[in-house]
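These are the residues of each chain, in order.
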Amino acid sequence: MNELVLKIENLTKTYKLGKRDVQPLIDLNLEVRRGEFTAIMGPSGSGKTTLLNLIGCLDKPTSGSVLIDNIDIARLPESQLYKIRRDKIGFIFQNFNLLPYLNARENVELAMELAGKFKGQRKQRALELLATVGLSEREQHRPQRLSQGEQQRVAIARALANDPAIILADEPTGNLDKNSKQEIVKLLANLNQKQGATIIMVTHDEHIAASAERILFLSDGKIQEKQA
Amino acid sequence: MGILTRATRNIARRKTRALLVIVALSLALAMIVSIPPSITASQEATQKTIDNLTTAAKIVASTVNMAATQMDCNLPLTLRTDAGPYHNETTFERPLMNITEYSNLTYVQHVTYVVPVLEQRAYDWPYTVYGVPLDDATLLSSYPILLPANITAGRNLQAGDSGVVVLHERIANHFGVAVGETVNIFGRDFEVVGIEGQEALNTTYATMSLSDAQAITNTTGQASTFIVFADSVDNVYAVKEQIVGAYPKLTVTIAQTLLNQVYQMQRQTNEQLQQAHETMNQIESTGIVEMGIITIADSAIILFIMLYTVRERTKEIGTLKALGASNTTILGQFMLEGVLLSLIAGIVGIVIGIFGATSLANILLPQPITQTGIGITTSGSGTWGGSGSLTAASISVTITPELMLFGLGFSVLLGALGSLYPAWRAARIRPAEAMRYE
């Protein structure tokens with residue numbers, strides 16, 4: 001049994017929506033082991049993205065703890081959190097979020113540059129990663145000259161750049177056509193199986209979720225595991 | 001690909017916006033680099049005017065002192081009747097005085113010089129003979145006003161001259177003589193050494209040595225006026241009282257009118273000096289105010305453009321944060337963009353400044369005043385000071401290498417100043433909110 005890479009205990013998140021208090025996550029508990037491919041499903045507004053943001057240190061919980069590699073990120077100040085995001089997390093977004101003024105290779109390198117890696121080292125790694133996602137020929141292309149599927153593959157390469165503990169994918173196929181969806185899902189599954197990447201993917205698409213080895217449902221602020 | 005590349009590409013990505021910002025900023029920075037040298041050039045021009053005016057004021061002041069110590073002592077006019085060819089001619093005449101009888105004038109306290117002069121005119125002659133003692137070189141150099149002023153041809157009289165005359169232009173014309181020629185006055189030939197130009201207030205004199213004048217008018221040992229000089233302006237009235245006390249018949253005239261005119265001249269010069277000083281101060285304060293306004297406007301342009309940029313790129317900031325960019329990295333990136341934009345504008349501004357500083361200076365600053373026609377003239381009976389008139393003048397401005405460096409430094413500073421707050425805001429954006437931003 002692999003070690004725990006993520007442990008969430010009694011996680012509650014409350015925020016204000018106008019005058020109303022919204023509580024998308026209530027006393028949520030979750031454990032994820034290294035090398036697991038987890039899909040989180042749930043209806044719109046069920047708190048999937050909120051959960052992902054909390055794991056990814058983009059937001060702070062109201063109460064409870066979130067341990068990544070045994071570090072409780074809920075208690076870390078912003079001056080430390082960026083290091084967790086940089087070194088432990090790899091993000092894949094629905095809208096790819098590539099920087100339009102950088103080419104494919106530079107977008108992948110950006111994550112490594114922020115981690116302070118040297119130019120030669122990061123260039124080589126970026127080229128390797130682009131080869132992994134099948135985009136060796138496209139390294140000089142800026143995002144606007146890539147198809148959406150290709151853009152998402154660049155984003156996946158970028159997420160892998162710093163060899164993170166967890167890859168967080170928020171509706172990674174949400175903006176893709178059917179063929180691209182299949183490609184991306186295959187790629188993620190491959191990364192998980194061949195490279196042992198730990199992936200937590202949020203999706204509302206059952207077919208996509210089916211590629212994960214573990215499927216969780218988020219409703220009423222709590223996680224329910226789908227039994228195989 | 002580092003922070004600099006990202007900043008450059010971000011600027012290049014929005015070319016039209018960047019171009020407009022650079023045009024606006026560069027014009028402002030051209031003004032910034034043009035103003036300091038313009039102030040200096042204007043001040044130099046004005047300072048030159050001030051120096052000229054000060055010199056004029058000094059000359060006027062010394063003239064005032066010289067004129068103010070002068071007193072004319074003579075006997076009251078009497079009527080004189082001469083037998084004419086057809087009838088008797090009656091004229092006013094200045095009675096003559098025996099010089100020896102008034103030798104005590106020299107001993108009056110505070111008197112520096114007693115100068116006997118002779119003014120003689122025959123009723124049928126169109127001019128007056130004027131005799132001045134020419135035997136004392138020190139006297140003549142101390143009181144040049146004793147001799148004719150405004151010599152237009154030849155030379156003036158000098159110590160030791162004898163048998164020579166300086167003719168007023170009208171007399172020279174009357175006799176049809178020029179410098180170097182001989183003229184017969186009261187039956188004796190004199191060599192004309194100089195011609196005195198015509199002025200509003202001078203008299204038509206044939207000026208010669210006192211002894212020559214006495215000889216030809218048979219008045220040896222006599223004078224029509226004693227010009228007495230006191231040792232200072234403050235003692236003039238005391239000297240006058242003593243003279244009248246010792247010689248009750250003498251009329252003592254102080255050059256009051258002349259004095260008033262000279263004082264007026266001095267006042268005018270002082271006013272012009274003040275005007276020049278005010279202009280100089282005005283140039284400096286206008287320049288400083290303009291530089292302040294431009295600085296604020298420049299910073300505001302950068303502030304608003306960077307605030308807009310931050311707002312526009314909120315999602316990008318979110319992405320950068322998600323990838324692990326620290327607040328410092330975000331702050332640095334946005335500040336660098338602002339500084340880079342400002343620096344490019346600074347370079348363009350300096351180029352504009354090199355070619356257009358002079359035009360900008362003339363548009364932006366009050367023009368310095370320069371002074372024309374400064375001059376002092378003296379005439380037979382006194383001295384006139386003139387300080388000309390003040391006119392506005394344009395200046396020529398050059399941008400030095402030091403100013404170019406200043407311009408570059410200033411644009412970096414402006415860029416940093418203007419982008420500090422937007423960059424700080426960018427750094428403070430919470431990543432979850434930034435990611436939601438559309």
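Thresholds, definitions, all that
Residues numbered from 1 in each chain as written. Chains lettered and ligands numbered in written order. Predicted model: local features only at pLDDT ≥ 70, side-chain atom pairs only at ≥ 80, totals over all residues. Helix = DSSP H or I, 4+ residues; strand = E, 2+ residues; numbered from the N terminus. Buried ≥ 20, exposed ≤ 12 C-beta atoms within 10 Å, placed from the backbone. Contact = placed C-beta atoms within 7 Å. Pairing = 2+ DSSP bridges. Core = buried A, V, L, I, M, F, W, Y, C linked by C-beta atoms within 7 Å. Axes fitted to C-alpha atoms, helices over the stretch in contact; angles between N-to-C directions. Parallel < 35°, antiparallel > 145°, perpendicular 65-115°, else oblique. Left-handed = near helix turned anticlockwise from the far one by under 90°. Nonpolar A, V, L, I, M, F, W, Y, C, P; charged D, E, K, R; others polar. Expected span 1.5 Å × (residues − 1). Bend = angle between axes of the 7 residues up to and from the residue.

K.L.:
Which parts of the structure should I look at to understand the overall build of chain B?
P.N.:
In terms of helices and strands, chain B carries 11 helices and 18 strands. A total of 438 residues make up chain B; the buried ones form 40% of that total. Relative to all contacts within chain B whose residues are 6 or more apart in sequence, the contacts with residues 24 or more apart total 82%.

K.L.:
Would you explain the overall build of chain A in this entry?
P.N.:
Counting secondary structure elements, chain A contains 7 helices and 10 strands. Looking at chain A as a whole, 50% of its 228 residues are labelled buried. Counting contacts in chain A only where the partners sit at least 6 residues apart, residues at least 24 apart contribute 70% of the total.

K.L.:
Would you mind going over the pairing of strand 5 (residues 111–120) of chain B with me for this structure?
P.N.:
Across a regular strand the side chains alternate sides, sitting on one face of the sheet and then on the other. All names here are of chain B. Two strands pair when backbone bridges link them, and strand 5 and strand 13 (residues 225–230) are joined in this way by 6 bridges, in the antiparallel orientation. Across the sheet, residue proline 116 finds its bridge partner in strand 13, namely phenylalanine 226. Inspection of the sheet shows strand 5 paired to strand 6 (residues 128–132) by 3 bridges, in the antiparallel sense. Across the sheet, leucine 118 pairs through a bridge with glycine 131, a residue of strand 6.

K.L.:
Honestly, helix 2 (residues 78–88) of chain A in this entry has me stumped. Any pointers?
P.N.:
Along an α-helix, residues three or four apart share an orientation, since each turn contains 3.6 residues. Listed in full, the buried residues belonging to helix 2 of chain A are Tyr82(A), Arg85(A), Arg86(A) and Lys88(A). As for helix 2 of chain A, its buried residues are in contact with strand 4 (63–68), strand 6 (89–92), helix 3 (104–114) and strand 7 (166–170) of chain A together with helix 8 (314–322) of chain B.

K.L.:
Would you mind going over the environment of Asn103(A) with me for this structure?
P.N.:
Residue and element names in this part refer to chain A. With respect to the secondary-structure elements, asparagine 103 resides in the loop between strand 6 and helix 3. The buried category is assigned to asparagine 103, around which 20 C-beta atoms lie within 10 Å. Separated by 43 residues in sequence, asparagine 103 and leucine 146 place their C-alpha atoms 9.8 Å apart.

K.L.:
Teacher, can you tell me more about the nonpolar core here?
P.N.:
One broad rule of soluble globular proteins: the nonpolar side chains tend to lie buried together. If you look at the biggest cluster of nonpolar residues, it comprises 129 residues, and the most contacted ones within it are Ile55(A), Val108(A), Ala157(A), Ile166(A) and Leu168(A). The biggest single contributor to this core is helix 2 (residues 15–68) of chain B, with 16 residues. In this structure, Ala157(A) is in contact with Val108(A), Leu129(A), Leu130(A), Thr132(A) and Val133(A), ignoring residues within four places of it in sequence.

K.L.:
For this particular structure, what's the right way to read the interface of chain A and chain B?
P.N.:
Often the size quoted for an interface is simply the accessible area lost on bringing the parts together. Chain A puts 20 residues into the contact, and the matching count from chain B is 18 residues. Where the side of chain A that touches chain B is concerned, the elements lending two or more residues are helix 2 and helix 3 of chain A. Here the element with the most residues in the side of chain A that touches chain B is helix 3 of chain A; it accounts for 6 residues.

K.L.:
Please explain the environment of Ala68(B) as it appears in this structure.
P.N.:
Summarising the element assignment, Ala68(B) is placed in helix 2. Each C-alpha atom, one on Ala68(B) and one on Ile254(B), is 7.6 Å from the other, the two residues being 186 residues apart in sequence.

K.L.:
Whenever I open this one, the packing of helix 3 of chain A against helix 4 (residues 119–132) of chain A confuses me. Can you help?
P.N.:
A pair of packed helices is captured by two measures, namely the crossing angle of their axes and the spacing between those axes. Residues and elements named next belong to chain A. Packing of helix 3 against helix 4 brings their axes to within 9 Å, and their N-to-C directions diverge by 125°. Regarding the angle of helix 3 to helix 4, the classification is oblique. The element helix 3 and its partner helix 4 pack so that their crossing is right-handed. Judged by residue contacts, Ala104, Arg105, Val108, Glu109, Met112 and Glu113 of helix 3 engage Arg122, Lys123, Arg125, Ala126, Leu127, Leu129 and Leu130 from helix 4. When grouped by side-chain class, the residues that make up the contact of helix 3 with helix 4 number 7 nonpolar, no polar and 6 charged.

K.L.:
What is the right way to look at helix 10 (residues 401–428) of chain B in this model?
P.N.:
All names here are of chain B. Look at helix 10: 40 Å from first C-alpha to last across 28 residues, which is about the 40 Å you get at 1.5 Å a residue. Its axis deflected by about 45° at leucine 420, helix 10 carries its strongest bend there, up to four residues before the proline proline 422. Restricting attention to buried positions, one finds in helix 10 the residues Leu403, Gly407, Phe410, Ser411, Leu414, Gly415, Gly418, Ser419, Pro422, Ala423, Ala426 and Ala427.

K.L.:
Where do I start with the sheet that holds strand 5 (residues 71–72) of chain A in this structure?
P.N.:
Adjacent strands of a sheet form backbone hydrogen bonds with each other and so pair up, either parallel or antiparallel. Residue and element names in this part refer to chain A. A sheet is described by the order of its strands in space; here 4 strands give the open sequence 2-1-4-5, paired in antiparallel fashion. In this open sheet, the two edge strands, each paired with only one partner strand, are strand 2 (20–33) and strand 5. Pairing of strand 1 (residues 4–17) with strand 2, which is carried by 9 bridges, proceeds in the antiparallel orientation. Residue pairing in the sheet places leucine 11 in a bridge with leucine 28 of strand 2. Those strands touched by helix 1 (residues 48–55) are strand 1, strand 2 and strand 4, and its axis lies near 120° from that of strand 1.

K.L.:
Mind showing me how you'd approach the sheet that holds strand 6 of chain A here?
P.N.:
All names here are of chain A. An order of 6-7-8-3-9-10 is seen for the 6 strands of this open sheet, with the pairing classed as mixed. The two strands at the open ends of the sheet, each matched to only one other strand, are strand 6 and strand 10 (222–225). Taking each pair of neighbouring strands and ignoring which way they run, the sheet shows an average axis angle of 20°. Relative to strand 8 (residues 199–202), strand 7 runs parallel, the two sharing 4 bridges.

K.L.:
Sorry, what's going on with the pairing of strand 6 of chain A here?
P.N.:
Residue and element names in this part refer to chain A. The alternating pattern of strand 6 places Ile89 and Phe91 and Gly90 and Ile92 on opposite faces, both of which are buried. Sheet topology places strand 6 next to strand 7; 4 bridges connect them, and they run parallel. Within strand 7, the position partnered with isoleucine 89 by the bridge is isoleucine 166.

K.L.:
Is there a simple way to explain unusual backbone geometry in this structure?
P.N.:
A negative phi holds for most residues other than glycine; trans holds for most peptide bonds. All names here are of chain A. At asparagine 10, a residue that is not glycine, the phi angle is positive and equals roughly 45°. Relative to the helices and strands, asparagine 10 is located in strand 1. The exposure class of asparagine 10 is partly exposed, given the 13 C-beta atoms found within 10 Å. Non-glycine residue cysteine 57 carries a positive phi angle of around 60°.

The quantities given are spatial measurements derived from coordinates; they are silent on function.
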